[in-house]
Amino acid sequence: MTELSLTRPREHARSVPEAGTRLAPRPRRGRRLGPGRAVPGALLVGPVLLLIAWILGSGTGLLDPNTLSPPWTVVTTFGDLVADGRLQSNLLTSVRRAGIALVIGIGLGVVLALVSGLSRTGEALIDGPVQIKRAIPTLALIPLAIIWFGIGEDMKIIVIAASVFVPVYINTHAALSGVDGRYVELAETVGLSRRAFVRRVALPGALPGFFTGLRLAVTISWLALVVVEQVNATSGIGYLMTQARNYGQTEVIVVGLVVYAVFGLVGDTVVRQIERRALSWRRTLGS
Amino acid sequence: MATHPGQLADPPLADTAVRVRDLTRGFGGRAVLDGVDLDIAPGEFVALLGRSGSGKTTLLRALAELDGGVPGSGELRVPAERAVVFQDSRLLPWARVLDNVLLGLDGADARERGRAALAEVGLEGRHRSWPYELSGGEQQRVALARSLVREPALLLADEPFGALDALTRIRMHTLLLELCVRHRPAVLLVTHDVDEAVQLADRVLVLDHGRILTDRAITAERPRDHHDPALAAHRDRLLTALGVHR
Ligand SMILES: Nc1ncnc2c1ncn2[C@@H]1O[C@H](COP(=O)(O)OP(=O)(O)OP(=O)(O)O)[C@@H](O)[C@H]1O
Ligand SMILES: [Mg+2]
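Residues numbered from 1 in each chain as written. Chains lettered and ligands numbered in written order. Predicted model: local features only at pLDDT ≥ 70, side-chain atom pairs only at ≥ 80, totals over all residues. Heavy atoms only, no water.

Caption draft 1: Representation of the interface of chain A and chain B in the model. Across the boundary between the two partners, chain A contributes 15 residues, which contact 17 residues of chain B. Counting each side, the surface lost to burial between chain A and chain B is near 1,700 Å², with a carbon and sulfur contribution of 68%. Viewed at the interface, chain B and chain A are joined by three salt bridges. Counting across the chain A and chain B interface gives five residue pairs in polar contact (both at pLDDT 80 or more). Elements supplying a minimum of two residues to the side of chain A that touches chain B: α9 (181-189) and α10 (194-231) of chain A. Looking at which element gives the most residues to the side of chain A that touches chain B, the answer is α9 of chain A, with six residues. The class makeup of the residues in the side of chain A that touches chain B is seven nonpolar, three polar and five charged. (Contact = heavy atoms within 4.5 Å. Buried area = accessible area lost by both parts, 1.4 Å probe. Salt bridge = Lys/Arg side-chain N within 4 Å of Asp/Glu carboxyl O. Polar contact = N/O pair within 3.5 Å; in protein donor to acceptor, adjacent residues only side chain to side chain. Helix = DSSP H or I, 4+ residues; strand = E, 2+ residues; numbered from the N terminus. Nonpolar A, V, L, I, M, F, W, Y, C, P; charged D, E, K, R; others polar.)

Here is the structure:
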C-alpha cells in the first residue's frame, strides 16, 4: 500500500511532458555501471604524488635523512653507482636470474595446468602437491634448497622458479576448468581432435587466467629475487642492498628499492600490453 | 500419424539418413521423450514443432549424440557427417569469423570454401571481424555458414532463425532451401514458427507428451506461396495439434 502511494505520483510526474527538458540533449556517457572514463597517465598519478611527498618531506626536514635519504642524495648515489659500473653489473645479474626463472616457472606452470586441467588423472596427481607448495613460503624452502643445490646460481633460479610457477598454475588451471561447456560441446560436434581442441578452445579460453597468473608471476619473481639475493649472494641488486645495510648507507638501499620498483612496474606494464593485444577479442568492464 | 514399430514396414536402412526407434530420455526421473519413432530420408527436410519444454532440443541433442550423460534408451542411427546449429550462435569469442566458420576443417581449399560460405550467408568481407562486433542475426548467420561449409549428410538446427528480423528471416529461408537443393542434406529444423515449418519442410512433426503425435507431409511445390489454401489448411491443423484453438 505504502509503496503504491509512493510510486504513483512519480509516475504521474514523468508522464507530464515538460517541454524544455524532454528533448534536451543528454551528454553521451560511457557505460553507466562502468568504472568511468580512463584517467590520462593513470599508472603514473599515484607514484608521482608519492614522489612529491618525499621531496617535500625531505626539503622541510620532516623526514630525517638517517631514516630515509632525501631524493637528491639518492640521485647522486645513483649516478656514482652507474659511473663505477656496480649498478649495471648487479642489475644485469638480477634481471638474468629473474628472467631465466620466469621462463622456467611459466613453462612449468602452464604445462602442469594443462595436464591437470585436461585430465582427471593429471588433476589427481598434480593439484594436491601444488596446493601444498602454495602454502609454503619461499623463504622456508631456502635451507633445503641450499642443501640440495648448493649456494650457486642453480639454487637461486630454482627457488625463484618454484615461486613463480604457482600463480601461473593456479590461474591457468582455474580458467581452464572454467571454459564454457557449450564450447566443448561445439568442439565435439565439429569433430575436433584432442590436439585441435587444446589449441582452438582450451588454450584461448584459459588465456585470460594465464595472463592474471603471468602478472602475479612477474611480481613474485622480483620478490623471490630479493629473498634469495639477500640470504646468500655475491652479486645482484639484493646483494648491493645487503652490503649497504651493513655500512648504514640508506641512499644505496633506496636506489635498490627504486630499481626494484621501476623494474617491477616495467615488467607489469609490458605484460599488460601483451595481454591487451592477445585478448583484443574481449569486451569487458575494464576495457 | 506416428509410425510405430511393427505398424508399418520399415523402409530399408539404405534409404534412411536417420532412424530412431522407441527413443526415451528423461531428467531426474521425469520422461521428456517417451518412445519417439522417427525416420528421415536422405535429402528430406523435416520441421519439428512443439510447445516450449516439450523436448525438441532434447531430441535434437540425442540425434547430435550430445546427450551422453542423459539417461534413456532406444535405437538411434545417424550419419557421421552431422552439423549442428545451436539455439545460441555459439561462436568462439576468441576466434575471428572465418576461423569460427572453419573450426575443425583443414585442407588447402578450406579458406576459400569458408569465404564462399560467408558470402552465401551475406557476410562477405566480414571474415576478419570478432564475433562481438557482429549483430545477433549476423552471428547466427555465421553459425549457419559454419554448418554448411561442412556439407553434412544431416543438418540439425535448433531455432536458428529465432533472432532474425522478418526480412532477414525470409532471405535465410531462401538461402537454406537453395543450399539444401545444392547439397541435399537431411534436415531436422526445430522451430516455434508454424509458418516457417510449412514454408520450408517436406514433413512437419509435432512433439507432444514425449512422442511424435502429428506427422504431416507437405507436398506443395517450392517456392511456396504463403496464401496457398493448401498451406493454410496445414497451418490450421498444426496449430490445433499444438493446442491453439481459434
Ligand atoms: N540438462 C537438463 N537437466 C534437467 N532438465 C532438463 C535439462 N534439459 C532439459 N530439461 C528439461 O526437459 C524438458 C524439455 O527441454 P527441451 O530443452 O528439450 O525443450 P524444448 O522443446 O527445446 O523447449 P524450447 O522450445 O523452450 O527450447 C524441459 O522441461 C526442461 O526443463
Ligand atoms: Mg529448445
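Caption draft 2: Molecular detail of the nonpolar core. Within the largest apolar cluster, 83 residues are counted, with the highest numbers of intra-cluster contacts made by V201 of chain A together with V36 of chain B. Among the elements that line this core, the one with the most residues is α10 of chain A, at 13 residues. Both domain 1 (16-81 + 152-241) and domain 2 (92-150) of chain B contribute no fewer than three residues apiece to this core. (Core = buried A, V, L, I, M, F, W, Y, C linked by side-chain atoms within 4.5 Å. Buried < 20%, exposed > 50% of the residue type's maximum accessible area, 1.4 Å probe, protein only. Domains from an automatic or database assignment.)

Caption draft 3: Examining the confidence of the model for chain A more closely. Chain-level statistics for chain A give a pLDDT mean of 85 and a share of 88% at 70 or above. Low pLDDT, under 50, characterises residues 1-17 of chain A; the stretch is placed with two contacts to residues that sit more than four places away or in other chains. (pLDDT = per-residue confidence, 0-100.)

Caption draft 4: Spotlight on the packing of aromatic side chains. The full count for this structure, using the stated rule, is six aromatic pairs over all chains. Ring plane angle 20 degrees and centroid distance 5.9 Å describe the contact between W222 of chain A and F263 of chain A, whose orientation is recorded as stacked. One end of the pair, W222 of chain A, is in helix α10; the other, F263 of chain A, is in helix α12 (residues 250-278), with 41 residues separating them in the sequence. Since its relative accessible area comes to 33%, F263 of chain A is described here as partly exposed. A centroid spacing of 5.6 Å and a plane angle of 70 degrees characterise the contact between W281 of chain A and W94 of chain B, whose relative ring orientation is edge-to-face. Here W281 of chain A is found in the segment after α12, whereas its partner W94 of chain B is found in the loop between β5 (82-85) and α2 (97-101) on a different chain. What makes W94 of chain B buried here is its relative accessible area of 12%. An aromatic cluster is defined as three or more aromatic residues linked by ring pairs; in this entry it consists of Y183 and W281 of chain A together with W94 of chain B. Looking at R182 of chain A, its charged tip hangs above the ring of Y183 of chain A, at a distance of 5.5 Å from the centre. Above the plane of the ring of F86 of chain B lies R90 of chain B, whose end atom (NZ or CZ) is 3.8 Å from the centre. (Phe/Tyr/Trp six-rings, centres within 6.5 Å; stacked < 30°, edge-to-face > 60°. Lys NZ or Arg CZ within 6 Å of the ring centre and 35° of its normal.)

Caption draft 5: Quick look at the sheet that holds strand β4 (residues 72-77) of chain B. All names here are of chain B. Spatially, β2-β1-β4 is the arrangement adopted by the three strands of the open sheet, whose pairing is antiparallel. Since the sheet does not close on itself, it has two edges, and those belong to β2 (30-40) and β4, each with one partner. Between one strand axis and the next, the sheet turns by 15 degrees as a mean value, whatever way the strands run. Bridging between strand β1 (residues 18-27) and β4 involves five bridges; their strand directions are antiparallel. Of the residues in β4, the one forming a bridge with V20 is L76. In the packing of helix α1 (residues 56-63) onto the sheet, the strands contacted are β1, β2 and β4, and the crossing angle to β1 comes to about 125 degrees. (Pairing = 2+ DSSP bridges. Axes fitted to C-alpha atoms, helices over the stretch in contact; angles between N-to-C directions.)

Caption draft 6: Summary view of the site of ligand 1. Residue and element names in this part refer to chain B. Taken together, 14 residues are adjacent to ligand 1, and S52, K56, T57, T58 and H192 come closest. Contact between ligand 1 and S52: an oxygen atom at 2.6 Å from a side-chain N or O atom of the residue. Within the backbone of G53, an N or O atom sits 2.8 Å from an oxygen atom of ligand 1. For ligand 1, whose unbound accessible area comes to 630 Å², protein coverage reaches 61%. Breaking the shell around ligand 1 down by element, the ones donating at least two residues are β2 and α1. (Near = heavy atom within 4 Å. Areas by Shrake-Rupley, 256 points an atom, 1.4 Å probe, with all protein chains shown as cover.)

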